[in-house]
Amino acid sequence: MASAGGGAAGEGEWLKVAELRAVVQAQDPRAKEVDNLTLRRFLRARDHNVEKAAAMFLKFLKWRREAAPDGFVPEERVRRELAQDKAWMGGVDRAGRPILVGFLARHYSADRDMAEYKSFVVYFFDKICARIPRGQEKFLAIVDLQGWGYANCDVRAYIASIEIMQNYYPERLGKALMINVPYIFMKVWKTMIYPFIDANTRDKFVFVEDKNLHETLRQEIDESQLPEYLGGKMPLIALKDYAQQPESA
């Protein structure tokens, strides 16, 4: 039976995890520091093909050493991005997944430095993943496009975000609710972004029609956990403020 955490593992799957561990540890001893649940996510991301999962995971280890050599991205490296208040922490959904809220109209391509932006993506993925409770492996994203226009259109940044997520945080996104979506964004999404999303990730992006917004949000999130600005009772915390709280918060 599938669990909220992404599906219960049978004996056969754990045997494949053990096989994957043996392969990656033989090539990079630092793989010993990684737990079995992490390896299982990489295995699932490659449809339980051990060879492909090993290649993906070893690439992740190399990337991680470069992206966060101290084990995390320091706040100083992403201060400009944090100041724009485009990423916020919410409550949890009905499955117990922590909620990340993004406001894409607060991102301007003309002001973006790609290196800092990529570090910011790692920063907020690390923060939301640190909130995922035991027994759960995924988070829910609400991507609000209210007010989005041409000045906010940054296809390179969007693709970079998606590639970081699907290559280095596999099986972490449970669902992304895309709300208040303007027509022009849908055109950009379908023609310029969608082709870069892998098959395992595409179905996780759910475009919510305005007329169904209230119903869809309440199907996913209890009123006590729904953001206040969307009619619920949960105040959002700006990522720049959340960053000052303990990781266990």
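About the criteria used
Here, residues in each chain are numbered from 1, in the same order as that chain's written sequence. In keeping with the predicted nature of the model, local features appear solely for residues at pLDDT of at least 70, side-chain atom pairs appear and are counted solely at 80 or more, and the whole-chain, interface and lining totals rest on all residues. The side-chain numbers reported here are obtained from all heavy atoms of the structure, hydrogens and water having been left aside. By definition, any uninterrupted DSSP run of H or I lasting at least four residues is a helix, any uninterrupted run of E lasting at least two residues is a strand, and each is numbered from the N terminus. Only the C-alpha atoms count toward the radius of gyration. The rule for a globule is 2.2 Å times the residue count to the power 0.38. With a 1.4 Å probe rolled over the protein chains alone, any residue whose accessible area is under 20% of its type maximum counts as buried; one over 50% counts as exposed, and the rest are partly exposed. What makes two residues a contact is simply this: any of their non-hydrogen atoms within 4.5 Å. For the area figures, the Shrake-Rupley method with a 1.4 Å probe applies, and any residue is considered shielded solely by the protein chains shown. The charge count includes Lys and Arg as positive and Asp and Glu as negative, but it does not include His or the ends of the chains. Charged groups are reduced to one reference atom each: NZ for lysine, CZ for arginine, CG for aspartic acid, CD for glutamic acid. Between any two strands, at least two bridges found by DSSP are needed for them to pair. Note on geometry: axes are lines fitted to C-alpha atoms, helical ones only across the stretch in contact, with angles between N-to-C directions running from 0 to 180 degrees. Here a cavity means grid points, on a 1 Å grid over the protein atoms only, where a 1.4 Å probe fits yet cannot get out; a pocket means an open set of points with protein on both sides within 12 Å along at least five of seven lines; lining residues are those with an atom within 4 Å of a point. Grid points are joined across faces, edges and corners, and a volume is the space filled by probe spheres set on the points. Residues were grouped as follows: Ala, Val, Leu, Ile, Met, Phe, Trp, Tyr, Cys and Pro as nonpolar; Asp, Glu, Lys and Arg as charged; and all remaining residues, including Gly, as polar. What qualifies as a polar contact is a pair of N or O atoms within 3.5 Å, subject to a donor-acceptor requirement within protein and to the restriction that residues adjacent in sequence count only when both atoms come from side chains.

Undergrad: Just to check I follow, could you spell out the overall build of the protein for this structure?
TA: Of the regular secondary structure elements, the protein holds 10 helices and six strands. What you see for the protein is a C-alpha radius of gyration of 18 Å, in line with the 18 Å of a compact globule of 249 residues. For the protein, the spread of C-alpha atoms along the three principal axes comes to 50 × 40 × 40 Å. Out of the 249 residues belonging to the protein, those deemed buried represent 51%. Within the protein, counting contacts between residues at least 6 apart in sequence, those at least 24 apart form 75% of the total. Accessible surface, the protein as shown: approximately 12,500 Å² in total, 53% of it carbon and sulfur. For the protein, the centre of its 37 positive side-chain charges and the centre of its 35 negative side-chain charges are spaced 2 Å apart.

Undergrad: How should the sheet that holds strand β4 (residues 173-179) be read in this particular structure?
TA: Strands belonging to one sheet form pairs held by backbone hydrogen bonds; the direction of such a pair is parallel or antiparallel. Ordered in space as β5-β4-β3-β2-β1-β6, the six strands form an open sheet in which the pairing is mixed. With partners counted over all chains shown, the strands left at the sheet margins are β5 (205-207) and β6 (237-238), one partner each. Pairing of strand β1 (residues 87-92) with β6, which is carried by two bridges, proceeds in the antiparallel orientation. Note on β6: the bridge partner recorded for Met89 is Ile237. Strand contacts of helix α7 (residues 183-193): β4 and β5, with the helix running at about 150 degrees to β5, the strand carrying the most contacts.

Undergrad: Just to check I follow, could you spell out empty space enclosed by the protein for this structure?
TA: Empty space among the atoms can be located by rolling a probe the size of a water molecule over them. If you walk through the whole model with that rule in mind, you get three cavities of 30 Å³ or more. Of the pockets and cavities examined, the largest cavity occupies roughly 520 Å³. What lines the largest cavity is a set of 26 residues, among which Leu104, Tyr117, Phe124, Val143 and Ser161 lie closest to the centre. Elements with a minimum of two residues in the lining of the largest cavity: β2 (98-103), α5 (114-130), β3 (139-144), α6 (155-168), β4 and α7. Classifying every residue of the lining of the largest cavity gives 22 nonpolar, three polar and one charged. Residue lining of the second largest cavity: 13 residues in total, with Gln166, Pro170, Glu171, Thr201 and Lys204 positioned closest to the centre. Elements represented by at least two residues in the lining of the second largest cavity include exactly α6 and α8 (199-202). When grouped by side-chain class, the residues that make up the lining of the second largest cavity number five nonpolar, three polar and five charged.

Undergrad: How should the layout of surface pockets be read in this particular structure?
TA: Each pocket or cavity is described by its volume, and for the largest pocket that value is around 720 Å³. Lining the largest pocket we find 24 residues, and of these Val34, Thr38, Arg41, Phe60 and Arg172 sit closest to its centre. Of all the secondary structure elements, the ones that give two or more residues to the lining of the largest pocket are α2 (36-45), α3 (50-67) and α5. Taken as a whole, the second largest pocket holds about 240 Å³ of empty space. Surrounding the second largest pocket, 15 residues form its lining, Trp63, Ala67, Lys118, Ile164 and Tyr168 being those nearest its centre. Those elements that provide at least two residues to the lining of the second largest pocket are α3, α5 and α6. Top element by residues in the lining of the second largest pocket is α6. It accounts for six residues. Classifying every residue of the lining of the second largest pocket gives eight nonpolar, two polar and five charged.

Undergrad: Would you take a moment to explain α2 for this structure?
TA: Spacing of three or four residues puts side chains on the same side of an α-helix, whose turn is 3.6 residues. Counting buried positions over the 10 residues of α2 gives eight, a clear majority of the element. Of all the positions in α2, only Thr38, Leu39, Arg40, Arg41, Phe42, Leu43, Arg44 and Ala45 are classed as buried. Elements that come into contact with the buried residues of α2 comprise α1 (11-27), α3, α6 and α8. Put simply, Asp35 is the residue that caps the front of α2, since its side-chain oxygen is 3.3 Å from the backbone nitrogen of Leu37.

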